[in-house]
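Residues per chain are reported as follows:
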Amino acid sequence: MSELSPLDQLVAACRWIGEKGWAPATGGNMSVRENDRFCLLSESGKDKGSLTRDDFIQVEIATSSAPSGRRPSAETGLHTLIYRLFPDAGAVLHTHTVNATVLSRVEKGRALRLEGYEMQKTLAGQHTHLACVAIPLFDNDQDIDALAQRIEAYARHNPFRYGFLLRGHGLTCWGRDVNEARRHLEGLEFLFECERQRRLLEAQ
């Protein structure tokens, strides 16, 4: 049996995300790098748990344009930004989970800091619970170009890995390939749930 292509791996990841309920009501968007010039990005308005290969659109990384004329996700500019900022990024997953959305609202700082959790080691390069993993937080914006510019400006002076949160919106994360992006998503979602529960208990 031949190994699944990156796009087929992404389709499988989307079905898994759908089963988890992490991209409800056609929310979220997913992509995989095709080569140095193009990525394949989920089409807008589709249920992410039911996507097929045909629901992904080729998008030029440099310009965020789709040569086919089809309409990719509204957040196309965030995916292409990640591929430009992080040359080793091979796949990007954007989800709308309750944990990520709520924490992005209650955390008032510029980053959500995760520390003391053994499951931090699910993130590439993390080897101890003693490290602090900072997930940047940005105010949500319907102007994706303006939002991408703010994220790019932040990244110039504040190197970060794994993903970022948009307030009241959700998590965007990535990895070297689909499998690593999927592991980062599952690991971060677990950490977010732990952090949310910790804050609830401490507030009682």
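Predicted, not measured: the structure shown is a model, and the values here were computed from it. (Residues numbered from 1 in each chain as written. Predicted model: local features only at pLDDT ≥ 70, side-chain atom pairs only at ≥ 80, totals over all residues. Heavy atoms only, no water.)

Across its full length, the protein chain carries five helices and eight strands. Of the regular secondary structure in the protein chain, the N- to C-terminal order runs α-β-β-β-α-β-α-β-β-α-β-β-α. On C-alpha atoms alone, the protein chain measures out to a radius of gyration of 16 Å, which is about the 17 Å that the 2.2 N^0.38 rule sets for 204 residues. Along the three orthogonal principal directions, the C-alpha set of the protein chain runs to about 55 × 40 × 30 Å. In the protein chain, which comprises 204 residues, the share counted as buried stands at 50%. In the protein chain, the proportion of contacts linking residues at least 24 apart, taken out of those at least 6 apart, comes to 61%. With the model as given, the accessible surface of the protein chain reaches about 10100 Å², and the carbon-plus-sulfur share is 49%. Side chains of the protein chain give 25 positive and 27 negative charges; the mean places of these two sets differ by 3 Å. (Helix = DSSP H or I, 4+ residues; strand = E, 2+ residues; numbered from the N terminus. Rg over C-alpha atoms; globule rule 2.2 N^0.38 Å. Buried < 20%, exposed > 50% of the residue type's maximum accessible area, 1.4 Å probe, protein only. Contact = heavy atoms within 4.5 Å. Areas by Shrake-Rupley, 256 points an atom, 1.4 Å probe, with all protein chains shown as cover. Lys, Arg positive; Asp, Glu negative; His and termini not counted. Charge placed at Lys NZ, Arg CZ, Asp CG, Glu CD.)

In the Ramachandran plot, S64 falls in the positive-phi region, its phi being about 65 degrees despite a non-glycine side chain. Secondary-structure assignment places S64 in the loop between β3 (56–60) and α2 (76–85). A positive phi angle, near 80 degrees, is found at Y162, a position not held by glycine. Here Y162 is to be found in the loop between α4 (144–157) and β7 (163–166).

Let's shift gears to the environment of L93. For L93, the position within the fold is in strand β4 (residues 91–95). Of the residues examined, L93 reaches a relative accessible area of 1% and is grouped as buried. Between the C-alpha atoms of L93 and V133, which are 40 residues apart in sequence, the distance is 19 Å. Leaving out residues up to four positions away in the same chain, L93 has contacts with L10, I17, N29, M30, L171, T172, C173, A181, R182 and L185.

What follows is about the environment of N29. Counting through the fold element by element, N29 comes out in strand β1 (residues 29–33). Spatially, the C-alpha atoms of N29 and L171 are 11 Å apart, while their sequence positions differ by 142 residues. Residues contacting N29, with those up to four places away along its chain left out, are S42, K48, S73, E75, H79, V92, L93 and H94. Within the structure, N29 has its side chain in polar contact with the side chain of E75 (distance 2.4 Å). (Polar contact = N/O pair within 3.5 Å; in protein donor to acceptor, adjacent residues only side chain to side chain.)

Moving on, we get to the packing of aromatic side chains. Geometrically, a pair of aromatic rings is defined through the distance of the ring centres and the angle of the planes. Across all of its chains, the model carries eight aromatic pairs by this definition. Ring centres of F86 and F160 lie 5.6 Å apart, and the angle between their planes is 70 degrees; this geometry places the pair in the edge-to-face category. Of this pair, F86 sits in the loop between α2 and β4 while F160 sits in the loop between α4 and β7; the two residues are 74 residues apart in sequence, bridging distant segments of the chain. Note on F160: relative accessible area 9%, which makes it buried. Residues F164 and W174 carry aromatic rings whose centres are separated by 6.1 Å and whose planes lie at 55 degrees to one another, so their mutual orientation is tilted. Placement of the pair is F164 in strand β7 and W174 in strand β8 (residues 170–175), with a sequence separation of 10 residues. Aromatic rings pair up to connect F86, F138, Y154, F160, F164 and W174 into one cluster. Here the guanidinium or amino end of R182 rests over the ring plane of W16, the centre of that ring lying 4.3 Å away. (Phe/Tyr/Trp six-rings, centres within 6.5 Å; stacked < 30°, edge-to-face > 60°. Lys NZ or Arg CZ within 6 Å of the ring centre and 35° of its normal.)

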